[in-house]
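Tertiary structure, described
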Amino acid sequence: ISYYTIASTISYLYFQLLTEEFYMSVQSSASLKRLNHLQCEMSVVYHEMSLSVGQSDSVIQILYTICDSGGESCLLHDICNLTGLPKQTINSAIRKLEQEHILYLESTGSRNKRVILTEKGKQLAAKTAGKVIAAENRIFEEWGSEEAEKFLALNERYLKCLRAELKRLKEETM
């Protein structure tokens, strides 16, 4: 056996060991895998809900945000923050909804704009995003206040911890 073969074999085995250790250290826990699976499944269900009411996901999220903000209007900035959609996606969907006379934009005097539903838009929102909100409300009613509060409290706690991890990650990369 040549030195090259031994050195190559050792290098290969060392690389495999490092790679295996790396992958072992970044594998998701069973709980995280379950959470990721549930979040993906929920996204699929919300997508199917959007399709079932004849709208795209982005349109439903915009209408949902307006409904959740009082039902008639909300700031464009709030839609961007609350949906997590890219600004370009939101702007494209809003332009389409403007052309269909579902909503219009009104300047608030600053750099922000208010997104306002027309009468046609209010009817569409009730038949689409309103149905999604009603379905979600039925789930919370079925659970009862105690279970709903536990669910919300755990989600808030997870979000708080996730924000702390984001802060830690940003500090590590500086």
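Figured I'd write up the structure that's included with this text. (Residues numbered from 1 in each chain as written. Predicted model: local features only at pLDDT ≥ 70, side-chain atom pairs only at ≥ 80, totals over all residues. Heavy atoms only, no water.)

1. Some thoughts on the overall build of the protein chain
Across its full length, the protein chain carries 7 helices and 3 strands. Counting helices and strands in the order they occur from the N terminus, the protein chain gives α-α-α-β-α-α-β-β-α-α. Looking at the 174 residues of the protein chain, the share that counts as buried comes to 21%. Taking contacts inside the protein chain between residues at least 6 apart in sequence as the whole, the part at least 24 apart equals 49%. Surface summary for the protein chain: the accessible area is close to 13,200 Å², and the carbon and sulfur share equals 57%. (Helix = DSSP H or I, 4+ residues; strand = E, 2+ residues; numbered from the N terminus. Buried < 20%, exposed > 50% of the residue type's maximum accessible area, 1.4 Å probe, protein only. Contact = heavy atoms within 4.5 Å. Areas by Shrake-Rupley, 256 points an atom, 1.4 Å probe, with all protein chains shown as cover.)

2. Structural notes on the packing of helix H3 (residues 57-68) against helix H5 (residues 87-99)
Packing of H3 against H5 brings their axes to within 9 Å, and their N-to-C directions diverge by 80 degrees. The angle between H3 and H5 places the two elements in the roughly perpendicular class. Between H3, through Ser-58, Val-59 and Ile-62, and H5, the contact on the second element is made entirely by Thr-89, Ile-90, Ala-93, Ile-94 and Leu-97. Tallied by class, the residues present in the contact of H3 with H5 amount to 6 nonpolar, 2 polar and no charged. (Axes fitted to C-alpha atoms, helices over the stretch in contact; angles between N-to-C directions. Parallel < 35°, antiparallel > 145°, perpendicular 65-115°, else oblique. Nonpolar A, V, L, I, M, F, W, Y, C, P; charged D, E, K, R; others polar.)

3. Examining the pattern of salt bridges
Under the defined criterion, the tally for this structure stands at 6 salt bridges. Across the pair Lys-122 and Glu-72 runs a salt bridge, and its minimum N-O distance is 3.8 Å. Taken as a pair, Lys-122 in helix H6 (residues 119-127) and Glu-72 in the loop between H3 and strand E1 (73-75) lie far apart in primary sequence, 50 residues in all. The exposure class assigned to Lys-122 is partly exposed, which follows from its relative accessible area of 25%. Here Glu-72 falls in the partly exposed class, since its relative accessible area comes to 46%. (Salt bridge = Lys/Arg side-chain N within 4 Å of Asp/Glu carboxyl O.)

4. Some points on the packing of H3 against helix H4 (residues 76-83)
Between H3 and H4, the least distance of the axes is 10 Å, while the angle of their chain directions is 115 degrees. Considered as vectors, H3 and H4 are oriented roughly perpendicular to each other. In the crossing of H3 with H4, the sense of the turn from one axis to the other is right-handed. Between H3 and H4, the residues in contact are Gln-61, Ile-62, Thr-65 and Ile-66 and Asp-78, Ile-79, Leu-82 and Thr-83, respectively. (Left-handed = near helix turned anticlockwise from the far one by under 90°.)

The values are spatial; any link to function lies outside them.
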